[in-house]
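Tertiary structure, described
The primary structure of each chain is shown beneath.
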Amino acid sequence: MIRLADPRKRLRLAGIALVVVFTVFAGRLVQLQLLDSHALASEAGANQYVPVVLSAERGSITSSDGTVLATTVDAYDITADPTLFTPAATHVPDAPEQAAALLAPILGVPQEKIAGLLHLNPKNPKSRYALLAPRQTPEAKNRIADLRADLAKQADSKACRGQRQLLGKPVEKGGRTAVDAACANTLAGVVWSPGKRRVYPAGDLAGNLVGFVNAEGTGTGGLELQYQKDLAGVDGRSTYASVGGRIVPGSGGGMQAPVPGTDLRLTVDKDIQWAAQRAITDQVANAGAEKGYVVVQDVKTGRVLAMATSPGLDPNKLASARPEQLGNAAVQDAYEPGSTAKLMTMAAVLDTGTASWDTHVTVPNTLQRSDRVFHDDVDHETWYLTLAGVLAKSSNIGTIEAAEHLGKDQAAANKVLGGYLQKFGIGQPTGLGFPGETRGILAKPEDWKGSQQYTIPFGQGLSVNALQATSVFSTIANGGVRVAPGLVMGTTGPDGRYTPTPPGAQTRVVSEATAKTLTEMLESVVTDEQGTGTKAAIPGYRVAGKTGTANRVDPKTGRYSGYTASFIGFAPADQPRVTVSCVIQDPVNGHFGGQLCGPVFKQVMEFALKTLRVAPSGSEAPNLPVDWKP
């Protein structure tokens, strides 16, 4: 008989093995349930719930009538998987080139560049991502989608399937059949991902003012930068449970909706802005100048109706813009204003009672002061002018003589004049808060030394930006009250509620009587045959203005080189409504302000008056006498 082995030994071994296994399991359970439970729960939650940022819609920027200057639209990043364009994947040896030929006209990217991106990168042959063109329009995406669908349909046609069966495998490297080419979907590896992009429907209209955003959609220039926080809104957040890259239904999660950005409505009138840009662009070209700017301001409200610069900027074409186009020179450039600043000197003389418009001033051909001999723009015999004539003929010498009487000595006169310059806003921020805005340069009166104390009265030795200079004339046009300039008419918040911007702060600078007299004196600049601003005259409207021709400080060398030509004025002089300033830097073909900027002023002012439907003047200019006989 065969004796069976004793099973007890095997049972003992099996029991011991089971005890060891259960002991290990129990120890692991104790570790997971007691020792590591909190850490594992946190890790599981972190891995399970995926956070997603919900981008806020950026606010738009519009002109005063609601015309969109900047907005955000749907966009798509067009990408591709280079591994799907190899001969092995497509059965076509030149699939990248074929795909590039189809995509280049749609994306506006050179065909060679697209083909290069579709080829495998030798340094990273496993890379499955190539960005062909960022932030493309829905139209471009749809064209690619339709084209890809057509190719897929063609490749899946009965004819292609049948011919593939007959042909078998694709031809060897170095050749391909026409059937293979026609039946290959060379766009199968092209995909797109949704996003947003900033667009500027009006192109270069107010482009230097509106500014631009960077690749991430953050404001980096102009009003886009200044109001970045308001325009950007607040991003939202969403979380969802995910396992293996798939959403787990009913697993909870949460969402915080994004808050859209605030919309800005500017004070800019799109039609006046267009006229200003066209006028200054043409004149800068005609004069062979480096740059120029025009500012149009409502004299009652201080609102900026136009701010144009040349060369301009189209934010849609930021990549091709030159560095000098990226800023807003009308508030960022500091320049010596020249004779347009004489208005402030005359304001001080009249407002303090030092002289009146008909005070007789004897103006020699030259005048020695400090270490310098001063001249007017033209050589002349001794002029016998009224104070109005000094302004009309833009006499530097006459202005110096008038300013000297502001105090008992030169130091006292400097202090009085300096005080008025400050009240007019010279050397101080305009209040716009525009990025990169210059406050200009105005030394303290006690620091005016040597010839500087005689050049400042006629506009050399101090500097301003174009908006500051415009505001000086608007102050006189507004009866002597300065209104802080504004660019934003109001805002529309995420709740859809429109909030108008409060009116600008008002400061009385000179008396109403002084402002009225100055206005009549400025009219003589335009109406008198001896005036320097006759080219600014507008039929049917009384115009008050002043020319400026200043030696220009070259910002590259810090030395005088070339000229700054300007004209600033307002109309109708009897009931002022609009101020227009024109400044042209470093012109080659001519340099006098009346010749270069007078016509620009006339063109822009005429357009503005018609656009705003301002009635013609109801009276004649007073034509104050400019000279007297000894």
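Residues numbered from 1 in each chain as written. Predicted model: local features only at pLDDT ≥ 70, side-chain atom pairs only at ≥ 80, totals over all residues. Heavy atoms only, no water.

The name given to the chain in an unreviewed UniProt entry is Cell division protein FtsI, with the source organism recorded as Kitasatospora arboriphila. UniProt, in its Subcellular location (unreviewed entry) section for the chain, records the words "Membrane". Reading the Sequence similarities (unreviewed entry) entry of the UniProt record for the chain gives the comment "Belongs to the transpeptidase family." (UniProt positions renumbered as here; feature names shortened; annotations may be inferred.)

**Observations regarding the overall build of the chain**
Per the secondary structure count, the chain includes 21 helices and 24 strands. Classification of the 630 residues of the chain by burial places 46% in the buried group. The contacts of the chain with a sequence gap of at least 6 include a subset with a gap of at least 24, amounting to 73%. If you sum the accessible surface of the chain, you get close to 31000 Å²; carbon and sulfur atoms cover 54% of it. (Helix = DSSP H or I, 4+ residues; strand = E, 2+ residues; numbered from the N terminus. Buried < 20%, exposed > 50% of the residue type's maximum accessible area, 1.4 Å probe, protein only. Contact = heavy atoms within 4.5 Å. Areas by Shrake-Rupley, 256 points an atom, 1.4 Å probe, with all protein chains shown as cover.)

**So, the side chain of Q273**
Its location among the elements puts Q273 in helix α12 (residues 270-287). Classification of Q273 as buried rests on a relative accessible area of 0%. Apart from the residues lying within four places of it in its own chain, the contact partners of Q273 are L205, A206, V268, L305, A306, M307 and A308.

**Side note on empty space enclosed by the protein**
All told, the structure shown has 3 cavities of 30 Å³ or more when counted by the stated rule. Each pocket or cavity is described by its volume, and for the largest cavity that value is around 50 Å³. Ranked by residues supplied to the lining of the largest cavity, first place goes to helix α19 (residues 466-477) with 3 residues. Tallied by class, the residues present in the lining of the largest cavity amount to 8 nonpolar, 1 polar and no charged. (1 Å grid on protein atoms, 1.4 Å probe; cavity = no way out; pocket = protein on both sides within 12 Å on 5 of 7 lines; lining within 4 Å. Points joined across faces, edges and corners; volume = space filled by probe spheres on them. Nonpolar A, V, L, I, M, F, W, Y, C, P; charged D, E, K, R; others polar.)

**A look at the packing of aromatic side chains**
Taken as a whole and assessed by the stated rule, the structure comprises 6 aromatic pairs. Between W274 and F607, the aromatic rings sit 6.1 Å apart at their centres with planes inclined by 55°, giving tilted as the arrangement. With W274 in helix α12 and F607 in helix α21 (residues 593-611), this residue pair connects regions lying 333 residues apart in the sequence. Exposure remark for W274: the relative accessible area of 42% places this residue in the partly exposed category. Among the aromatic residues, ring-to-ring pairing joins F374, Y454 and F458 into one connected group. Here the basic side chain of K141 rests over the ring of Y76, its NZ or CZ set 4.8 Å away from the ring centre. Over the face of the ring belonging to W383 we find K393, whose NZ or CZ atom lies 3.9 Å from the ring centre. (Phe/Tyr/Trp six-rings, centres within 6.5 Å; stacked < 30°, edge-to-face > 60°. Lys NZ or Arg CZ within 6 Å of the ring centre and 35° of its normal.)

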